[in-house]
Amino acid sequence: MESTILEQEVIATEKAIARRMEVKENTTKTKSVMQNPIENIASPILNIDKLSVSYGGDKYSITDVSAGIAKNKITAIMGPSGCGKSTLLRAINRMHELYPNTHNKGAVYLGDENIYDMNPILLRRKIGMVFQRPNPFPTMSIYDNVIAGYKLNGIKLKRAEKDAIVEKSLREVGLWSEVKDSLHNKGTFLSGGQQQRLCIARALAYTPEIILLDEPTSALDPIATAKIEDLLVKLKKDFTIVLVTHNMSQAARISDYSMFMYLGELVEYGKTKQMFTTPKDRRTEEYLTGKFG
Ligand SMILES: Nc1ncnc2c1ncn2[C@@H]1O[C@H](COP(=O)(O)OP(=O)(O)O)[C@@H](O)[C@H]1O
Ligand SMILES: [Mg+2]
């Protein structure tokens, strides 16, 4: 489901919204026994535990999803349109709560802590998000875009600290040499691929542990896409990456683990190589061989 405009607003008004959410009732506080379908993820950075998410009423967009996410790896979430990929991703940093009537069951543990018991602002510092369409804040300079997260949350930094964060983040996404002489120009003059790397830099500037990306290359040409893919592979040294993609070859190229979702269910989860060569579920196989999707 497309929600780019909403998501842009969401980021721009993050501070106010997060404050509103802090008073919103948490849905779950009980720890239950974790199921980890992949035995060889020894100590996952994130544990999704029987998570179900509804946007309202008794219809659930994802149901009973359990999975451990491996640290310093790329995990791809695949599946046909409408199967709940974005919903799962949003639920991992509580972005879905920005829609008015959501409720969920289950839990997501970051370390020992259920994210649904955490302060959402702090949570989103640890788990950052990059959206489908590059969405730099149009009125802000490149420089201010990179440190936008700090500004929006009222965190004051010294000039030298800001300079250091901006340079480090832009270097991390390979954009520094391209923009270092135009840091105070607006980010909207950049190409689509550069804008998306700027948005990744904005997420990195907050030094998250995990970066969630929702089809980050679907609006980009093949060259810009390849650059983002190379970047993600490089970034996994320092970050854990969860990537929604409906581009199977992208998942095959860059991910270590893959999930296949269908109709809100996590049908199969495994090492990417294994899933692409010997899928266990017939639905996964049909999807991967192009029978639907
Ligand atoms: N904001 C929303 N309000 C109500 N239903 C939604 C909302 N966002 C997604 N859905 C529904 O949840 C289901 C999963 O959607 P989504 O997570 O966007 O799937 P995907 O990212 O795999 O295309 C779909 O049936 C979709 O219509
Ligand atoms: Mg989606």
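So, here's what we can say about the structure.

What counts as what
- Residues numbered from 1 in each chain as written.
- Chains lettered and ligands numbered in written order.
- Predicted model: local features only at pLDDT ≥ 70, side-chain atom pairs only at ≥ 80, totals over all residues.
- Pairing = 2+ DSSP bridges.
- Helix = DSSP H or I, 4+ residues; strand = E, 2+ residues; numbered from the N terminus.
- Axes fitted to C-alpha atoms, helices over the stretch in contact; angles between N-to-C directions.
- Near = placed C-beta within 6 Å.
- Nonpolar A, V, L, I, M, F, W, Y, C, P; charged D, E, K, R; others polar.
- Core = buried A, V, L, I, M, F, W, Y, C linked by C-beta atoms within 7 Å.
- Buried ≥ 20, exposed ≤ 12 C-beta atoms within 10 Å, placed from the backbone.
- Contact = placed C-beta atoms within 7 Å.

Quick word on the sheet that holds strand β3 (residues 74-78)
Working step 1: Strand order in the open sheet formed by 6 strands is β6-β7-β8-β3-β9-β10, with mixed pairing between adjacent strands. Only two strands of the sheet have a single neighbouring strand rather than two, namely β6 (127-130) and β10 (265-271). Across the sheet, the mean angle separating the axes of adjacent strands is 15° when strand polarity is ignored.
Working step 2: Bridge count for β6 against strand β7 (residues 210-214) is 4 bridges, and the pairing is parallel. Along β7, the bridge assignment pairs Met129 with Leu212.

Here we look at the sheet that holds strand β5 (residues 113-114)
Working step 1: If you trace the 4 strands from one edge of the open sheet to the other, you get β2-β1-β4-β5, paired in antiparallel fashion. This sheet does not close on itself; its edge strands, each paired only once, are β2 (60-69) and β5.
Working step 2: Of the strand pairs in this sheet, strand β4 (residues 103-110) and β5 are connected by 2 bridges, and their pairing is antiparallel. Across the sheet, the residue bridging to Leu110 is Glu113, located in β5.

Looking at the site of ligand 1
Working step 1: Tyr55, Ser61, Lys85, Ser86 and Thr87 are the nearest of the 12 residues found near ligand 1.
Working step 2: The element best represented in the shell around ligand 1 is helix α3 (residues 85-92), accounting for 3 residues.
Working step 3: By residue class, the composition of the shell around ligand 1 is 4 nonpolar, 7 polar and 1 charged.

Regarding the nonpolar core
Working step 1: Among the nonpolar cores identified, the biggest contains 74 residues, and Ile77, Ile92, Val108, Val146, Ala201, Leu212 and Val242 are the most heavily contacted of them.
Working step 2: A per-element tally of this core places helix α9 (residues 192-204) first, with 6 residues.
Working step 3: Each residue touching Ala201, except ones within four places of it in the same chain, is listed here: Val146, Ser169, Leu170, Glu172, Val173 and Leu175.

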